[in-house]
Amino acid sequence: MDRAVDRIVIEGAHVVTVTGQEFAGGHVVVEGNRITAVGPGPAPDRAGARVVDARGCLLTPGLVNTHHHLYQWVTRGLAVDATLFEWLTTLYPVWAGIDEHAVHTGATGALAALARSGCTTTTDHHYVFPREGGDVLGAEIRAAAEVGLRFHPTRGSMDLGRSAGGLPPDHVVEDTATILAASADAVARWHDPSPDSMLRIALAPCSPFSVTGDLMRESAALARELGVRLHTHLAETADEEDFCRERFGCTPTEYVADLGWTGSDVWFAHTVHLDDAAVKTIGTSGTGVAHCPTSNGRLGAGIARVRDLLDAGARVGLGVDGAASNEGTSLLEEVKHAVLFARAVGGPTALGVRRALELGTLGGAQVLGRAAEIGSIEPGKLADLAVWRLDGPLHADVADPVAALVLGAPPPLELLLVNGRPVVEAGEVRTVDGAAVAAACADVHRTLVAKAG
Ligand code: ZN
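Here we summarise the structure given alongside this text.

Calculation rules
- As a convention, each chain's residues are numbered from 1 in the sequence order in which they are written.
- Under the rules for a predicted model, residues below a pLDDT of 70 receive no local features and side-chain atom pairs below 80 are neither given nor counted, while totals for whole chains, interfaces and linings still include all residues.
- The basis for every side-chain value is the complete set of heavy atoms in the structure, and neither hydrogens nor water enter the calculation.
- Residue burial is assigned from relative accessible area. The probe radius is 1.4 Å, only protein chains are included, and a residue is buried under 20% of its type maximum, exposed over 50%, and partly exposed in between.
- Numbering of helices and strands starts at the N terminus; helices are DSSP runs of H or I of at least 4 residues and strands are runs of E of at least 2.
- In this description, strands pair whenever DSSP reports at least two bridges between them.
- Only N, O and S atoms count as donors, using a 2.8 Å limit from the metal and a wider 3.2 Å limit for Na, K and Ca, and since water is excluded some coordination spheres may look unfilled.
- Only four donors with every angle between 85 and 135 degrees are called tetrahedral; only four or six donors with opposite donors over 155 degrees apart and all others between 65 and 115 are called square planar or octahedral, in that order; all others are irregular.
- The criterion used for residue contact is that any of the two residues' heavy atoms lie within 4.5 Å.
- Between Lys or Arg on one side and Asp or Glu on the other, a salt bridge is scored when a side-chain nitrogen of the former is within 4 Å of a carboxyl oxygen of the latter.
- Cysteine sulfur atoms that come within 2.5 Å of each other are treated as a disulfide pair.
- One less than the residue count of a helix, multiplied by 1.5 Å, gives the span that helix is expected to have.
- Along the arc lie the directions from the helix axis toward the C-beta atoms.
- Each polar contact in these results corresponds to two N or O atoms within 3.5 Å; when the atoms are within protein, one needs to be able to donate a hydrogen and the other to accept it, and residues that are neighboring in sequence are counted only if both atoms are side-chain atoms.

Turning to the pairing of strand S8 (residues 150-157), a few remarks are in order. Both faces of the sheet carry side chains from a regular strand, because those side chains alternate between them. Counting buried residues in S8 gives 8 out of 8 residues, a clear majority hidden from the surface. Burial along S8 is two-sided: the residues Arg150, His152, Thr154 and Gly156 and Phe151, Pro153, Arg155 and Ser157 are all buried. Looking at chain direction, strand S7 (residues 119-126) and S8 are connected through 6 bridges and run parallel. Note that in S8 the partner of His126 across the bridge is Arg155.

At 2.1 to 2.3 Å from the zinc ion lie its protein donor atoms, namely His67 (NE2), His69 (NE2), His233 (NE2) and Asp321 (OD). Here the zinc ion binds 4 donor atoms, and the angle range of 89 to 173 degrees at the metal identifies the geometry as irregular. Linear spacing of the donor residues for the zinc ion on their chain is H-x1-H-x163-H-x87-D. A residue pair is termed long-range when its members are at least 10 positions apart, and His233 in strand S10 (residues 229-234) and Asp321 in the loop between strand S13 (315-318) and helix H11 (331-346) qualify at 88 residues. Note on His233: relative accessible area 7%, which makes it buried.

Position of Val52 relative to the elements: it lies in strand S4 (residues 50-53). Overall, the relative accessible area of 9% leaves Val52 in the buried class. Spatially, the C-alpha atoms of Val52 and Ala113 are 23 Å apart, while their sequence positions differ by 61 residues. Non-local contacts of Val52, meaning those with residues more than four positions away in its chain, are made with Ile8, Val9, Ile10, Glu11 and Leu415.

It is worth spelling out the pattern of salt bridges at this point. Inspection of every chain in the model, using the stated rule, returns 27 salt bridges. A salt bridge links Arg50 to Glu425, with the nearest nitrogen and oxygen atoms 3.1 Å apart. Note that Arg50 is positioned in strand S4 and Glu425 in strand S16 (residues 421-425), a separation of 375 residues in sequence. Taking relative accessible area as the criterion, Arg50 reaches 27% and is therefore assigned partly exposed.

Moving on: the state of the cysteines. Covalent bonding between the sulfur atoms of two cysteines is what defines a disulfide. Counted under the stated rule, the structure contains 0 disulfides. Unpaired in terms of disulfides, Cys441 finds its nearest cysteine sulfur in Cys119, a separation of 17 Å.

Take helix H4 (residues 176-190) next. An α-helical turn contains 3.6 residues, so a residue and the one three or four places further along point in the same direction. Along its 15 residues, H4 runs 21 Å from first to last C-alpha, staying within 8% of the 21 Å computed at 1.5 Å per residue. Taken together, the buried positions of H4 are occupied by Ile179, Leu180, Ser183, Ala186, Val187 and Trp190. The buried residues of H4 all sit within an arc of 130 degrees when viewed along its axis, so they share a single face. Along H4, exposed side chains directed more than 90 degrees from the buried face belong to Ala177 and Ala188. By the N-cap criterion, in which a side-chain oxygen at the helix start approaches the backbone nitrogen of a residue two or three places on, H4 is capped by Asp175, the distance to Ala177 being 3.2 Å.

Below, the structure written as structure tokens:
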């Protein structure tokens with residue numbers, strides 16, 4: 001099937017709603033772009049429907065990715081044994097060469113990979129806007145529409161170059177006024193606040209060591225005036241902690257809180273290095289967190305205090321982070337790594353497999369402000385669903401299907417519906433040509449590396 005049909009009935013799967021209900025051999029009915037029924041046994045009415053026989057499968061909400069840099073798909077495998085600051089200074093010159101074509105190509109490859117890992121909604125943090133690069137934000141928005149994922153891109157930014165004490169070279173930063181004008185323009189052009197929205201914009205100055213305090217403060221004011229969300233990297237590494245203490249005399253969390261960057265309309269990527277006061281600030285303000293365990297491991301950044309953040313009231317979702325610090329970018333793998341990392345530091349009860357799946361679905365929806373529309377399987381919600389095949393040799397004898405998904409080998413994705421439309425079927429992305437995309441990505445990677453010299 002290569003197009004949406006009005007009615008889809010999925011039957012026979014182990015259904016996990018992530019709101020506390022599970023139905024062995026249950027059903028879900030989709031009409032148009034919405035879920036209209038979920039429950040045990042066969043669907044009461046199959047008239048006029050495409051019926052999906054999902055016996056041997058697990059049916060979950062589609063996964064929600066809360067942090068990414070899609071363009072990095074074409075800059076993978078560089079500085080593989082470096083610290084964050086070493087890795088960034090190696091990659092900034094490569095990223096400086098991106099343009100519309102590179103971003104469209106890389107984003108297509110990255111979005112297809114996300115879809116294959118069960119992701120139905122993703123954000124993106126794009127903060128590199130070369131002067132001759134063209135409309136790079138528009139290029140990734142076009143890629144998301146082609147692949148078919150629900151998309152929350154951010155208009156990111158950097159305005160603190162090396163000559164002013166920042167980390168990025170001066171030629172990859174923009175001036176503050178240009179950034180604010182482009183941010184307002186991105187919201188006006190693309191932001192769709194409707195409940196069925198496939199596209200919402202947020203504003204996202206990059207990090208304390210690459211943007212000015214003025215940009216942080218003015219971005220927050222602009223986002224609140226326009227009714228969009230705010231996102232940034234925070235407390236990723238010990239180097240960032242040192243930078244903030246030396247430059248501002250406080251922790252990264254104290255710094256951004258003072259600039260107006262806490263609240264339910266804000267979410268931070270990483271939050272690895274938090275003291276107790278920072279955990280409390282994030283929790284009591286209802287600020288969101290994008291937990292990116294694979295990237296944090298890849299860069300040796302540390303392990304975020306997810307259990308403490310949840311106990312403090314923070315909203316926590318999962319993120320793959322950019323592909324240059326997570327070559328696999330499997331969102332399902334983040335669910336597993338969230339469990340393993342939490343238990344490695346907090347013991348066997350620190351995070352359960354069902355709670356981790358909830359973070360990867362409903363938790364992400366809460367972080368992006370979409371919990372009323374996506375993130376769980378409930379009648380009235382949008383039809384973003386993942387059907388995982390668990391009757392193959394790697395999973396058939398695992399007693400608990402949720403454990404098979406979260407702790408076992410990544411299973412084949414039988415079907416991925418986004419807004420009621422099939423994007424993946426029988427493990428293959430149906431919306432784009434995977435081989436052609438891979439060849440184009442390899443070509444762009446070679447060009448960017450050669451350009452950086
Ligand atoms: Zn990031």
